[in-house]
Amino acid sequence: MNTSTHPLGTLIETDVLVIGSGASGCGAALGAREQGLRVLLMDKGKLESSGCIGGGNDHYMAVLDEEGVAHDAAEDLIKFYAKPLNGWTPAMLRNGWYAHMKPMLEKLEAAGVEFGRTPDGRYHRTQGFGQPGTWWVHIANGMTIKRVMARIVRESGVDVLDRVMAVKILTDGGKACGALGWNVSTGEFHIIRAKTVVSAQGRSATRGTDNSTHNPYNVWMYPYNTSAGVVLGYDAGAAVTELDTYQRATMLPKGYGCPGMNGINSSGAHEINALGERFMGKYDPMWENGVRNNQIQGTFQEQLEGSGPPFYMDMRHVDEAVVRELQDILMPGDKATFGDWAECTGTDFQHKLLEVEIGELIFGGTIAVNDQFETSVPGLFCGSIFLYCSGAMCGGFEAGRQAALKASGMSAAGAVDEALAARVRDEIFAPLGNEETLSYKELEEAARNVMNYYMGFRRSMTGMARALEKIRFLSDQASRLHADTLRDLMRCHEAKDVLTICELAIQATMERKESGRCVYRLTDYPEINPEMAKPLLLMRGENGPVYQWGKAPLL
């Protein structure tokens with residue numbers, strides 16, 4: 001990258017800019033770098049610990065074409081995931097996920113990630129989330145995976161810009177040409193020019209609701225994800241999608257936000273209600289090992305009927321070796337403090353019931369892309385398309401590769417709008433000099449109260465209209481935000497992202513007048529509408545979102 005002094009701060013020029021250094025961003029940076037171009041990877045966190053896998057990961061999803069293994073081919077992946085609702089085409093899945101699954105796994109293993117092996121030398125894999133095959137490779141030292149990934153990225157020659165928060169994707173003539181950001185530790189303003197841009201900031205906003213702890217950082221997924229990728233992409237004019245259907249929750253150990261239900265369910269655990277009944281067979285033919293949404297809907301229905309809480313996962317009947325691996329290796333591999341929590345609470349999968357609860361509801365979505373992972377804004381690509389660590393890495397890799405291929409045919413990046421950059425810079429730092437006293441905590445807590453009350457697992461059109469009114473009122477208060485420190489300032493901008501994604505999610509959900517395709521149900525529309533088996537896209541219009549059903553008007 002080329003760095004120079006600019007009247008507003010620091011100007012950086014590169015070929016491909018990747019925003020977000022989680023699993024998707026790392027994949028994108030490697031995919032672009034392998035084409036021989038200059039690549040800049042920026043994130044508000046530090047590469048070694050940023051993103052959902054920053055705290056660890058217990059499984060890597062891979063279809064490996066192993067001889068004698070059922071449902072282990074690209075066609076099986078495509079059949080399971082190429083659904084009209086998400087817009088994932090067979091080409092996207094084959095070229096963007098399947099093609100990179102095994103190479104990425106081998107790259108990680110060669111760098112030091114320990115994948116579980118069976119006595120005959122094959123990868124130790126289990127089945128989960130209603131999938132037809134044993135696609136989940138166990139990881140033995142999962143707490144180190146992000147540091148390994150960071151080392152691979154740095155050694156590849158990618159330029160890394162840690163602790164720089166992106167706040168605006170730049171365009172010139174309707175084409176992406178860089179971004180504006182600021183260093184959350186020093187306050188330095190950055191202008192980045194690039195031939196192409198990859199958005200890789202994840203799919204989820206984890207702080208839109210909360211769980212029983214009411215601690216927005218004690219959650220299932222990475223608490224610093226605010227769906228900024230969707231917010232910035234939408235602001236740049238890109239079509240965004242899945243805001244109405246990518247609303248997720250999982251079961252959590254009571255009072256402890258962590259991943260791990262894939263391992264618990266696939267170990268053979270039974271979910272038990274307060275009456276001592278195993279009930280998931282009423283909601284999914286694969287019982288606890290079925291679709292995640294069905295487990296949430298089933299547990300919530302049992303709660304409505306008075307059969308809980310409490311709810312428990314019973315693993316006392318499971319083979320001791322399986323349970324020991326789950327509690328002592330896989331769970332701490334996904335969240336390093338799990339072992340400490342288990343010791344403090346006396347948790348013992350082999351001998352005690354594990355009390356669980358429905359966790360926080362996560363809102364989010366992604367920027368719609370074509371088969372080359374390019375969005376409706378030319379030069380802007382998105383790597384946060386697929387699910388899980390594997391989907392993020394592989395989808396990111398393909399997005400970065402495609403962005404580099406396009407950049408290689410360009411002579412220069414577009415021009416920066418200097419007036420816009422100056423205006424954005426003033427807006428970024430406005431809370432530091434604001435005489436108002438509204439804190440990001442107050443604003444976020446108010447937003448969570450609204451979303452918890454009106455946008456839970458049962459909703460009505462009237463309630464959502466009320467939620468939209470209240471969220472818009474809170475968004476209007478953002479000009480009153482006050483920050484004493486740069487860290488507070490970062491949280492102020494995160495809070496605004498959370499409000500934006502909540503507003504977009506409410507509007508999108510109100511357009512999908514049906515129930516059954518996601519974790520929530522609408523009392524006004526309790527049945528599935530076959531005509532809505534397609535993605536809903538939102539594009540920024542002069543007076544708010546413009547809606548379109550089906551594929552976006554992409555390049």
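No experiment lies behind these values; they were computed from the predicted model shown.

1. Things to note about the overall build of the protein
1) Next: Counting its secondary structure elements, the protein contains 14 helices and 23 strands.
2) Next: The C-alpha atoms of the protein give 23 Å as radius of gyration, which agrees with the globular expectation for 555 residues (24 Å, within 12%).
3) Next: Seen along its three principal axes, the alpha-carbon backbone of the protein occupies a region of about 65 × 55 × 50 Å.
4) Next: When each of the 555 residues of the protein is scored for burial, the buried share is 61%.

2. What about the packing of helix H13 (residues 461-476) against helix H14 (residues 486-511)?
1) Next: In contact at an axis separation of 10 Å, H13 and H14 are set at 155° when each is read in the N-to-C sense. Between H13 and H14, the interaxial angle falls into the category roughly antiparallel. Regarding H13 and H14, the two cross each other, and that crossing is left-handed. Residues Met461, Met464, Ala465, Ala467, Leu468, Ile471, Arg472, Leu474 and Ser475 of H13 form the contact with H14, whose own contacting residues are Leu499, Cys502, Glu503, Ile506, Gln507, Thr509 and Met510.
2) Next: Class assignment for the residues of the contact of H13 with H14 results in eleven nonpolar, three polar and two charged.

3. Things to note about the side chain of arginine 491
1) Next: Its location among the elements puts arginine 491 in helix H14.
2) Next: In terms of polar contacts, arginine 491 uses its side chain to reach the side chain of tyrosine 224, at 3.3 Å.
3) Next: What arginine 491 contacts, discounting residues up to four positions off in sequence, is Arg207, Tyr217, Tyr224, Tyr440 and Glu444.

4. Considerations on helix H9 (residues 338-345)
1) Next: Taken together, the buried positions of H9 are occupied by Phe338, Trp341 and Ala342. Buried positions in H9, seen along its axis, are confined to an arc of 100° and lie on one side of it. Opposite the buried face of H9, at more than 90 degrees from it, the exposed residues are Glu343 and Cys344.
2) Next: Taken together, the buried residues of H9 touch strand E13 (251-253), helix H8 (320-334) and strand E16 (354-358).
3) Next: Looking one or two residues beyond H9, the residue adopting positive phi is glycine 346, at roughly 70°.

5. Structural notes on the UniProt feature "active site" (unreviewed entry) in the protein
1) Next: When the UniProt feature table is mapped to this numbering, "active site" (unreviewed entry) covers Arg292.
2) Next: Residue position: arginine 292 is located in helix H7 (residues 292-304).
3) Next: Sequence-distant contacts of arginine 292, defined by excluding residues within four places in its chain, comprise Phe129, Trp220, Arg248, Ala249, Thr250 and Tyr388.
4) Next: There is a polar contact of 2.7 Å between the side chain of arginine 292 and the side chain of threonine 250.

6. Quick notes on helix H12 (residues 440-454)
1) Next: Look at H12: 21 Å from first C-alpha to last across 15 residues, which is about the 21 Å you get at 1.5 Å a residue.
2) Next: When we look at burial in H12, the residues that qualify are Tyr440, Leu443, Glu444, Ala447, Arg448, Val450, Met451 and Tyr454. In a view along the axis of H12, the buried residues occupy a sector of 160°, so they form one face of it. Looking at H12, the residues exposed on the side facing more than 90 degrees away from the buried face are Asn449 and Tyr453.
3) Next: The inward-facing, buried residues of H12 contact strand E17 (363-364), strand E20 (458-459), H13 and H14.

7. With respect to the sheet that holds strand E14 (residues 270-272)
1) Next: On the basis of which strands lie adjacent, the open sheet formed by four strands has the order E13-E16-E15-E14 and antiparallel pairing. Since the sheet does not close on itself, it has two edges, and those belong to E13 and E14, each with one partner. Between one strand axis and the next, the sheet turns through 40° on average, direction left out of account.
2) Next: The pairing of E14 with strand E15 (residues 311-314) spans three bridges and is antiparallel. In the strand pairing of E15, isoleucine 272 is matched with tyrosine 312.
3) Next: Its contacts with the sheet put H7 on E13, E14, E15 and E16, and the angle it makes with E15 is roughly 130°.

8. Notes on empty space enclosed by the protein
1) Next: The final tally for this structure, using the stated rule, is three cavities of 30 Å³ or more.
2) Next: Its boundaries defined by the atoms lining it, the largest cavity holds a volume of some 120 Å³.
3) Next: Asn86, Gly87, Thr241, Ala368 and Lys551 are the residues nearest the centre of the largest cavity, which is lined by 16 residues in total.
4) Next: Grouping the constituent residues of the lining of the largest cavity by class yields nine nonpolar, five polar and two charged.

9. Observations concerning the packing of aromatic side chains
1) Next: Counted under the stated rule, the structure contains 24 aromatic pairs.
2) Next: Judged by centre distance (4.8 Å) and plane angle (15°), the rings of tyrosine 256 and tryptophan 341 are stacked. On the criterion of sequence distance, the pair formed by tyrosine 256 in the loop between E13 and helix H6 (261-266) and tryptophan 341 in helix H9 is long-range, its members being 85 residues apart. Across the pair, exposure class does not vary: tyrosine 256 and tryptophan 341 are buried alike.
3) Next: Above the plane of the ring of phenylalanine 80 lies lysine 83, whose end atom (NZ or CZ) is 5.3 Å from the centre.

10. What to know about the sheet that holds strand E18 (residues 366-367)
The pairing of strands in a sheet happens through backbone hydrogen bonds and is either parallel or antiparallel.
1) Next: Strand order in the open sheet formed by four strands is E18-E12-E22-E23, with antiparallel pairing between adjacent strands. Looking at which strands have only one partner, the edges of the open sheet turn out to be E18 and strand E23 (544-549).
2) Next: In the packing of helix H5 (residues 228-235) onto the sheet, the strands contacted are strand E12 (240-241), E18, strand E22 (536-541) and E23, and the crossing angle to E22 comes to about 55°.
3) Next: On top of the sheet, H14 reaches E22 and E23; it is set at about 40° to E23, its chief contact.

Conventions used here
- Residue indices begin from 1 for each chain and proceed along its sequence in written order.
- Predicted model: local features are reported for residues with pLDDT of at least 70 only, side-chain atom pairs are reported and counted for 80 or more only, and whole-chain, interface and lining totals are derived from all residues.
- Based on all heavy atoms of the structure, the side-chain values leave hydrogens and waters out of the count.
- Strands are runs of DSSP state E lasting at least two residues, helices are runs of H or I lasting at least four, and both sets are numbered from the N terminus onward.
- This radius of gyration counts C-alpha atoms alone. The globule rule is 2.2 Å times how many residues there are, raised to the power 0.38.
- For the exposure calls, accessible area comes from a 1.4 Å probe over protein chains only, and a residue counts as buried if that area is under 20% of its type's maximum, exposed if over 50%, partly exposed in between.
- The convention used is that axes are lines fitted to C-alpha atoms, helices contributing only their stretch in contact, and that angles between N-to-C directions extend from 0 to 180 degrees.
- Should an angle fall under 35 degrees it is called roughly parallel, over 145 degrees roughly antiparallel, and 65 to 115 degrees roughly perpendicular, with every other angle called oblique.
- In this scheme, a crossing is called left-handed if the near helix is turned counterclockwise away from the far one by less than a right angle; it is called right-handed if the turn is clockwise.
- We call two residues contacting when some pair of their heavy atoms lies within 4.5 Å.
- Charged residues are taken to be Asp, Glu, Lys and Arg, nonpolar residues to be Ala, Val, Leu, Ile, Met, Phe, Trp, Tyr, Cys and Pro, and polar residues to be all remaining types, Gly included.
- We call two N or O atoms a polar contact when they sit within 3.5 Å, provided that within protein one can donate a hydrogen and the other can accept it, with sequence-adjacent residues counted only if both atoms are side-chain atoms.
- The arc under discussion is defined with respect to the helix axis, by the directions toward the C-beta atoms.
- UniProt positions are given in the numbering used here, feature names are shortened, and annotations may be inferred rather than shown by experiment.
- The span one expects for a helix is its residue count, reduced by one, times 1.5 Å.
- Here the rule is simple: two strands pair whenever DSSP picks up at least two bridges between them.
- A pocket here means an open set of points on a 1 Å grid, computed over the protein atoms alone, that has protein on both sides within 12 Å along at least five of seven lines. A cavity is instead a set of points where a 1.4 Å probe fits but cannot get out; residues with an atom within 4 Å of a point line either one.
- Grid points are joined across faces, edges and corners, and a volume is the space filled by probe spheres set on the points.
- Each pair of aromatic rings taken from Phe, Tyr and Trp, with Trp reduced to its six-membered ring, is defined by centres within 6.5 Å and is described as stacked if the planes are under 30 degrees apart, edge-to-face if over 60, and tilted in the remaining cases.
- Charge-over-ring placement is defined geometrically: NZ (Lys) or CZ (Arg) within 6 Å of the ring centre, and within 35 degrees of the ring normal.

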